2 protein chains.
Amino acid sequence: MAGSDPPQVPESLQRLWGVSSVVARGARPALSVDRIVAAAIELADEHGLAAVSMGRVAEHLGVSTMALYRHVASKDELLTLMVDGAAGPPPELPLDAGWRTATDVWARALALRTRGWVVEVPISGPPLGPNSVAWMEAGLQALRDSGLGPLERVAVVTTLSGYVRQHTALLQDMHTRSGGRAQHEIEFEWRRTLANLVDPERFPEVSAVLAMADLAADPGTPADGADAADSPDPADDPDFDFGLACILEGVARLAERERDETVDPTHTRIADDR
Amino acid sequence: MAGSDPPQVPESLQRLWGVSSVVARGARPALSVDRIVAAAIELADEHGLAAVSMGRVAEHLGVSTMALYRHVASKDELLTLMVDGAAGPPPELPLDAGWRTATDVWARALALRTRGWVVEVPISGPPLGPNSVAWMEAGLQALRDSGLGPLERVAVVTTLSGYVRQHTALLQDMHTRSGGRAQHEIEFEWRRTLANLVDPERFPEVSAVLAMADLAADPGTPADGADAADSPDPADDPDFDFGLACILEGVARLAERERDETVDPTHTRIADDR
DNA sequence: TACGCACTGTGTATGCTATACACAAGCAAC
DNA sequence: GTTGCTTGTGTATAGCATACACAGTGCGTA
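Residues numbered from 1 in each chain as written. Chains lettered and ligands numbered in written order. Predicted model: local features only at pLDDT ≥ 70, side-chain atom pairs only at ≥ 80, totals over all residues. Heavy atoms only, no water.

Student: Just checking my understanding: could you explain the interface of chain B and chain A for this structure?
Tutor: The parts lose accessible area when they come together, and the size of an interface is often stated as this lost area. Across the boundary between the two partners, chain B contributes 73 residues, which contact 73 residues of chain A. Counting the surface lost from both chain B and chain A, the interface buries some 6300 Å², and carbon and sulfur atoms represent 69% of this. Connecting chain B to chain A are eight salt bridges. Here Glu 205 of chain A makes a salt bridge to Arg 144 of chain B, at a shortest N to O gap of 2.8 Å. The tally of links from chain B across to chain A stands at twelve residue pairs in polar contact (both at pLDDT 80 or more). Going through the elements one at a time, helix H6 (130-142), helix H7 (150-178), helix H8 (183-197), helix H9 (204-211) and helix H11 (238-263) of chain B are the ones with two or more residues in the side of chain B that touches chain A. If one sorts the elements of the side of chain B that touches chain A by residue count, H7 of chain B sits on top with 19 residues. Classifying every residue of the side of chain B that touches chain A gives 41 nonpolar, 13 polar and 19 charged. (Contact = heavy atoms within 4.5 Å. Buried area = accessible area lost by both parts, 1.4 Å probe. Salt bridge = Lys/Arg side-chain N within 4 Å of Asp/Glu carboxyl O. Polar contact = N/O pair within 3.5 Å; in protein donor to acceptor, adjacent residues only side chain to side chain. Helix = DSSP H or I, 4+ residues; strand = E, 2+ residues; numbered from the N terminus. Nonpolar A, V, L, I, M, F, W, Y, C, P; charged D, E, K, R; others polar.)

See below:
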C-alpha cells in the first residue's frame, strides 16, 4: 500500500529526468533518447510532422528502424518526448515587474517557442516532461503575487497554454494551406469563399463580419512586407493580443474580487458594484 | 478578376451546403456524404477515432472501401466533415438574459456537444461547415450586446471554442488513460507520480501544488458516485467553471473599457485607476 | 583468465493503412 | 438505340508501426 510501486512512468521519461538507475552491462549504446528526439524534432521542423516516421528518423540517424525501439517504447511516446523537447526551457521572467507583465511575457514566449507541428500531435495528457514542468513552474511563479490560490493559478496556466496552443494551431493551419502566400491573403480568400456559401438571412452576424469593408478590401501588407509567411509568430497577430489581454484581464478581476472577499469580506470597494 | 472562380471548396462541402448544381446523369447513388459521415461518427463514438478507417466505415455501410472516395476526396476531408457533423446545430440561447448568460450557456452547450474524439482530429482550419458556421453565428449573437466590435466578438468566440476544445482534450485524455477508473483517481495517481520526479528545490511552486494536502488526500467521489467515467462532462469540472468565468470576466472588462473610451473619451471612471 | 548474461543494434516478416487505376453496370439526353 | 457521364467494385501498391528471432559487445563474476 505504501509508495513502493513506480506507476506507469514510460521509462524513457525516467531517463529524461535523470533517473537512469540501471547499471551499464551490455554493449555501449550508440543511440540515446535525446539523439532520437532531436532528430525527430529536426525532421518535423523541416518537413512537418507528417514526415516523422520511425523509418525516416532512423535513416536520419544512420541506424536501423528497430533500433529506435530500444530507447522509445512507441511512436506515441516519441511524439510526447518531442513535444517536451521542442518546448525547451522557459525564459527568465521579469518577476519584479508585476504578475501581469510576467504572465504576459510568459505567454508570448510560449507562443514563440511553440512550433506549428506541436499542436498537431494529439494531446499528451497532463504534462510529465521536464521542460513542460519547468514551463508550468515558470507560469506559476509569474502568477505568484496575483492573489490567486495555487489551484486557480494552475487553472490559469492551463488555460493560457491552451489558448496559445489553439492560436498556434490556427496560424499553423493557415500557413500550411497557404503554400507560401501571406497570411492575410489566405484569410481574405477564406472570407470570400465563405461569403458565397452562407445565407445572410440565416446567418446575419457571420455575414456582417464577412462583408465588413475594411476586411473585404485587399489586405495591404501591414509592415514592410517582412516574411510573415516564413515564421508565423502568434505574437504578431492582433487577435492574439486581444485574447491574451482578455484572459489576463479576467484573471485580474477574479483575483481582485477574491482578495476582497478573503481579506475583508465586509469592506466593499467603491464603484465596484453591478 | 471578378468573382467567377469558385476556389478550392472541397466539393463535398458544397453538397453539405446544398449547392449540388450538377444534374443527375449516371446511376442513382446508393451512398451519400451524410450517410458516410454518420457511419463514421457512429464508429468514432463507439470505438474511438482510431477505429475510423476507410475500410471499417465502408464495411459498416455494406459497401466497398473505394466507394467512399466517390463522395469524399480523402480521409482528411471525411474527418473535417465528421467534426462539423458531430457539432450538430447550436441550441436556442437565452438572448434576452444578457450577453454574459447567453455566452456562458453557449460555451457549456458546446462543451457538452464536443465528443472526446473531436479534439483528436487535427485542426481543420477556419470553420467552413454549416454547423460550425451556425455555432459561430450563435456565439456572435450571444455577444451582440456586449459592446465589443464585430472582430473582437469573433476573437472571443474563437478563444472560447479553443478553451472548450482544450478542456475537452484534457478530460478526454484522462478518460482514455483511465481505463474505467474515476477521473479524480487518475489525477491523484498522476500527481503522485510527478511528485516522485520533481525536485522541490528546482520547482518549488509545482511541488507545493503537488503536495497540497486537500489534493493528496484520497479523493472522495463528489456526487452520488454517478458514472462520471462514462460521460466526461466538462461542465461538471470546477476548473472549467473557473477558466470560463475568467475569460468572460475579461471580456466584460475590456468591453466596458472600450465603451468608455468610445462613447466618452474624456470621462474617466471613478476608482478605475491602477 | 574465461564464462555468462544483460543489453544493444539488425533483418525479416506481418498486418494494417490510404489511395491510384482500370473496369463494369446504370441511367439521362440525344 | 446509342453516347457518355456517373456510380460502385476489385485489384494493386506503397508506406506505416511494430513483433520477433538473431548477432555482437562488454561488464560482473567464477
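Structure shown, so let's carry the discussion forward.
Student: Could you clarify how one ought to interpret the protein's contact with DNA strand C in this entry?
Tutor: DNA strand C sits among 27 residues. The nearest are Ala 30, Ser 64, Arg 70 and His 71 of chain A together with Arg 56 of chain B. Sugar and phosphate atoms represent 54% of those atoms of DNA strand C found within 4 Å of the protein. Contacts to DNA strand C include Leu 31 of chain A, whose backbone N or O atom sits 2.8 Å from a phosphate oxygen. Ser 64 of chain A places a polar main-chain atom, nitrogen or oxygen, 2.7 Å from a phosphate oxygen of DNA strand C. Classifying every residue of the surface near DNA strand C by side-chain character gives 13 nonpolar, seven polar and seven charged. (Near = heavy atom within 4 Å.)

Student: Looking at this structure, I do not really get the packing of helix H2 (residues 33-47) of chain A against helix H4 (residues 75-87) of chain A. What am I missing?
Tutor: Pairs of packed helices are described in terms of their axes, by the angle between the two and the distance that separates them. Residues and elements named next belong to chain A. Viewed as axis vectors pointing N to C, H2 and H4 meet at an angle of 80°, and their least axial separation amounts to 9 Å. By the criterion of interaxial angle, the relationship of H2 to H4 is roughly perpendicular. Judged by residue contacts, Val 33, Ile 36, Val 37, Ala 40, Ile 41 and Ala 44 of H2 engage Leu 78, Leu 81, Met 82, Gly 85 and Ala 86 from H4. In the contact of H2 with H4, the residues fall into ten nonpolar, one polar and no charged. (Axes fitted to C-alpha atoms, helices over the stretch in contact; angles between N-to-C directions. Parallel < 35°, antiparallel > 145°, perpendicular 65-115°, else oblique.)

Student: Can you walk me through helix H3 (residues 54-61) of chain B in this structure?
Tutor: Counting along an α-helix, one turn takes 3.6 residues, and residues three or four places apart therefore face a common direction. Residues and elements named next belong to chain B. Of all the positions in H3, only Met 54, Val 57, Ala 58 and Leu 61 are classed as buried. The arc that holds every buried residue of H3, seen down its axis, measures 95°, which confines them to one face. Looking at the buried positions of H3, the neighbouring elements they touch are helix H2 (33-47) and helix H4 (75-87). Where H3 ends, the next residue or the one after it, Gly 62, has phi of about 75°, a positive value. (Buried < 20%, exposed > 50% of the residue type's maximum accessible area, 1.4 Å probe, protein only. Arc of directions from axis to C-beta.)

Student: Which parts of the structure should I look at to understand the relation of the copies chain B and chain A?
Tutor: Each of the two chain copies goes to the other by way of a rotation about an axis and a shift along it. When chain B is fitted onto chain A, the two copies agree to an RMSD of 0.1 Å after a turn of 180° and an axial shift of 0.0 Å. What the superposition gives is, in effect, a two-fold axis relating one chain to the other. Minimal C-alpha separation from the rotation axis in chain B is found for Gly 250 of chain B, amounting to 1.8 Å. Of the residues that chain B buries at the interface, 99% are likewise interface residues in chain A, meaning the two copies contact each other through the same surface. (Least-squares fit on C-alpha atoms with pLDDT ≥ 70 in both.)

Student: Sorry, what's going on with the protein's contact with DNA strand D here?
Tutor: Arg 56 of chain A together with Ala 30, Ser 64, Arg 70 and His 71 of chain B are the nearest of the 26 residues found near DNA strand D. When atoms of DNA strand D within 4 Å of the protein are sorted by moiety, sugar and phosphate together comprise 54%. Tyr 69 of chain A places a polar side-chain atom, nitrogen or oxygen, 2.9 Å from a phosphate oxygen of DNA strand D. Contact between DNA strand D and Lys 75 of chain A: a phosphate oxygen at 2.9 Å from a side-chain N or O atom of the residue. Here the surface near DNA strand D gets three residues from one element, more than from any other, and that element is helix H3 (residues 54-61) of chain A.

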